[in-house]
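# Understanding the architecture of this molecule
Here are the chains, one letter per residue:
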Amino acid sequence: MPWQLVPDWNPDRCIVVFPEECFSNGVRSMPEVVSQRFDAVVIGAGPAGTVAATVLARSGRRTLLAERSTFPRTKVCGGCLAPAGIASLRDAGLGDALDSIDPLPLDALHLHARRATASYPIKQYLSIERGRMDQAFVEAATDAGATFISECRARVGVDDSVSLEYAGRQECHRPDLVVVADGLSGSSLAERDDFGWDIDQTSPMGLGAILRDPPPGTTSDGITMRCGVEGYVGSSRLSDGRWVVAAALSPEAIRNHGVQGAVHSVLRETGVDGKCAPSTRWKAVGHLTRRRMRRAAGRVLLVGDAAGYVEPLTGEGMSWGICRAADVLPYAEAIGRGDDVSAQWSSAAERMLRSRRVICRTVCGMARRPRLLEFGLRLSSRLPFTGWASQQLCWSHS
Ligand SMILES: Cc1cc2nc3c(=O)[nH]c(=O)nc-3n(C[C@H](O)[C@H](O)[C@H](O)COP(=O)(O)OP(=O)(O)OC[C@H]3O[C@@H](n4cnc5c(N)ncnc54)[C@H](O)[C@@H]3O)c2cc1C
């Protein structure tokens, strides 16, 4: 395989393509050099990655969005988008993309623990189907000028370079900025010990499915959340008439009863006898509660679940990622000037997310004590602080 030098080739900046035959018999021959070069590489096309790619591409940066899956893909998610995320999407120019997928307004949160129920009015939440939303946001990113490659596995090297494997090719990029938005099960930082995870091995596992019929015990006008000792199960309607069901269940419950058994045990504990159809195809993700040892270093910024996660009970995971990703430009500019922004990026994330994570941890802690939650729900339905409680649950400002 001959290799060519393009006229303005700068080895620090261009893409080096290693055709498959370069690796035959384990021998790497001279690479082919491709003239295309990206200022920013974004890894992962969930809400965090697509928003970051759109914002960066719109600023004139040559942006590559690399995604491991075949798109559109399904994703374990309750699909309830919080007001702060919606506002951030509109500010980032993704309002039309959001509207194009017919999001369904959600007006109420119905919480159940043991035999108690409380309904809280919620404002401006939207129910969305993740497959459609992420696809629409990828299209918005490419409309803004980003290049999208699916079925492409990205890895960040110790020198902040990005290796891509797709369509039998291997490429190495050296962009000015790398945004890692590869979620909880991302693999792009496997070589970077400095970005290791601190995973709470006792935390629940995430599960999700899309159903044609409403899951048992679901109220049609909002989010239904049923909490038991084994975890919690949430459901809401989608605009196409299907239903999304998402659960966070203890690893022991899944080990002892299987996924269906653990879901039914939570439903039973809250007084529901019905079962999800045995044919329900659950998708799973691993332990949910985790922190990164760091959220940025050198030219690499972490955003969305890739930067850390708590639990889905208060429904703001997508919005955490969207709000941080929408804020990426000033950091991209500073990195372009050669500044080290890792401390600022991490502390800005901490400032934005701290109060929401405290609320999320508190509510999740209560949910694990159904008797306490039952007492709280009975109390809240009698006292005039229902409005205050629902305001705390809705994340309306970033
Ligand atoms: C059970 C459950 C219910 C939830 N319910 C809600 C809810 O109602 N509302 C809400 O706001 N949030 C909810 N969440 C959280 C929400 O799903 C996440 O916070 C959100 O998906 C995070 O978005 P992201 O863009 O950071 O990552 P993701 O959406 O996970 O996207 C990451 C992408 O990176 C890709 N990727 C991974 N590795 C690589 C690689 N090496 N190279 C290239 N691509 C790669 C993946 O294929 C994936 O497409 C829920 C989560 C769970 C588990």
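## Side note on the overall build of the protein chain
Looking only at helices and strands, the protein chain has 10 helices and 22 strands in total. Out of the 398 residues belonging to the protein chain, those deemed buried represent 56%. As displayed, the protein chain offers around 17500 Å² of accessible surface, 50% of which is attributable to carbon and sulfur atoms.

## What about the site of the ligand?
In the neighbourhood of the ligand, 40 residues make up the surrounding shell, with Glu67, Gly78, Cys80, Arg130 and Asp305 lying closest. Contacts to the ligand include Gly78, whose backbone N or O atom sits 2.8 Å from a nitrogen atom. A distance of 2.7 Å is found between an oxygen atom of the ligand and a side-chain nitrogen or oxygen belonging to Arg130. Elements represented by at least two residues in the shell around the ligand include exactly α1 (47-58), β9 (152-156), β17 (243-249) and α6 (317-325). Its residues assigned to classes, the shell around the ligand comprises 19 nonpolar, 12 polar and nine charged.

## Overview of helix α5 (residues 251-269)
Its 19 residues give α5 an end-to-end C-alpha distance of only 18 Å, which falls more than 12% under 27 Å, the value for a rise of 1.5 Å per residue. Of all the bends in α5, the greatest measures close to 110 degrees and is centred on His257. For α5, the secondary structure elements touched by its buried residues are β14 (205-211), β15 (223-228), β16 (231-237), β17 and β18 (283-287). Just downstream of α5 lies Gly271, where phi reads positive at about 90 degrees.

## Quick look at the sheet that holds β14
Hydrogen bonds along the backbone pair up the strands of a sheet, which may run parallel or antiparallel. The mixed open sheet is built from eight strands, whose spatial order is β5-β7-β6-β15-β16-β17-β14-β18. Strands at the two margins of the open sheet, each flanked by one partner only, are β5 (80-81) and β18. Where strand β6 (residues 104-113) lies against strand β7 (residues 116-127), nine bridges are found, and the strand directions are antiparallel. Counted as the bridge partner of Ala108 is Pro121 from β7. Of the strands in this sheet, β5 and β7 touch helix α2 (residues 83-91), which is tilted by about 0 degrees from β7.

## Digging into the confidence of the model for the protein chain
The pLDDT averaged across the protein chain works out to 86; a share of 87% of its residues lies at or above 70. The low-confidence segment residues 1-35, where pLDDT is below 50, has 60 contacts with residues more than four positions distant or belonging to other chains.

## A short note on the sheet that holds strand β4 (residues 63-66)
If you walk across this open sheet you meet the six strands as β8-β4-β3-β12-β21-β20, and the pairing is mixed. Taken across any chain shown, the strands that pair with only one partner, and hence form the sheet edges, are β8 (147-149) and β20 (296-297). Across four bridges, strand β3 (residues 40-43) lies against β4 in parallel orientation. Directly across from Val41, in β4, lies its bridge partner Leu64. Set on the sheet, α1 makes contact with β3, β4 and β12 (177-180); between it and β4 the angle comes to about 165 degrees.

## Brief notes about a nonpolar patch on the surface
A contiguous nonpolar surface patch, about 290 Å² in accessible area, is contributed by Leu372, Phe375 and Leu379. Positionally, Leu379 belongs in helix α9 (residues 370-382).

## A look at the environment of Ala306
Assignment of secondary structure puts Ala306 in the loop between β21 (300-302) and β22 (308-309). When the C-alpha positions of Ala306 and Phe195 are compared, they lie 9.9 Å apart, and in sequence the two are 111 residues distant.

## A short note on the packing of α2 against α6
When two helices pack together, you describe them by how their axes are tilted relative to each other and by the distance separating the axes. For the pair α2 and α6, the least separation of the axes is 8 Å and the interaxial angle reads 30 degrees. The two elements α2 and α6 meet at a crossing, and its hand is left-handed. Within the contact between the two elements, α2 uses Ala84, Gly85, Ser88 and Leu89 and α6 uses Ser319, Ile322 and Cys323. Of the residues contributing to the contact of α2 with α6, the split by class is four nonpolar, three polar and no charged.

Cut-offs used in this document
Residues numbered from 1 in each chain as written. Predicted model: local features only at pLDDT ≥ 70, side-chain atom pairs only at ≥ 80, totals over all residues. Heavy atoms only, no water. Helix = DSSP H or I, 4+ residues; strand = E, 2+ residues; numbered from the N terminus. Buried < 20%, exposed > 50% of the residue type's maximum accessible area, 1.4 Å probe, protein only. Areas by Shrake-Rupley, 256 points an atom, 1.4 Å probe, with all protein chains shown as cover. Near = heavy atom within 4 Å. Polar contact = N/O pair within 3.5 Å; in protein donor to acceptor, adjacent residues only side chain to side chain. Nonpolar A, V, L, I, M, F, W, Y, C, P; charged D, E, K, R; others polar. Expected span 1.5 Å × (residues − 1). Bend = angle between axes of the 7 residues up to and from the residue. Contact = heavy atoms within 4.5 Å. Pairing = 2+ DSSP bridges. Axes fitted to C-alpha atoms, helices over the stretch in contact; angles between N-to-C directions. pLDDT = per-residue confidence, 0-100. Patch = residues over 30% accessible without salt bridge, like charges linked within 9 Å, V, L, I, M, F, W, Y side chains within 5 Å. Salt bridge = Lys/Arg side-chain N within 4 Å of Asp/Glu carboxyl O. Left-handed = near helix turned anticlockwise from the far one by under 90°.

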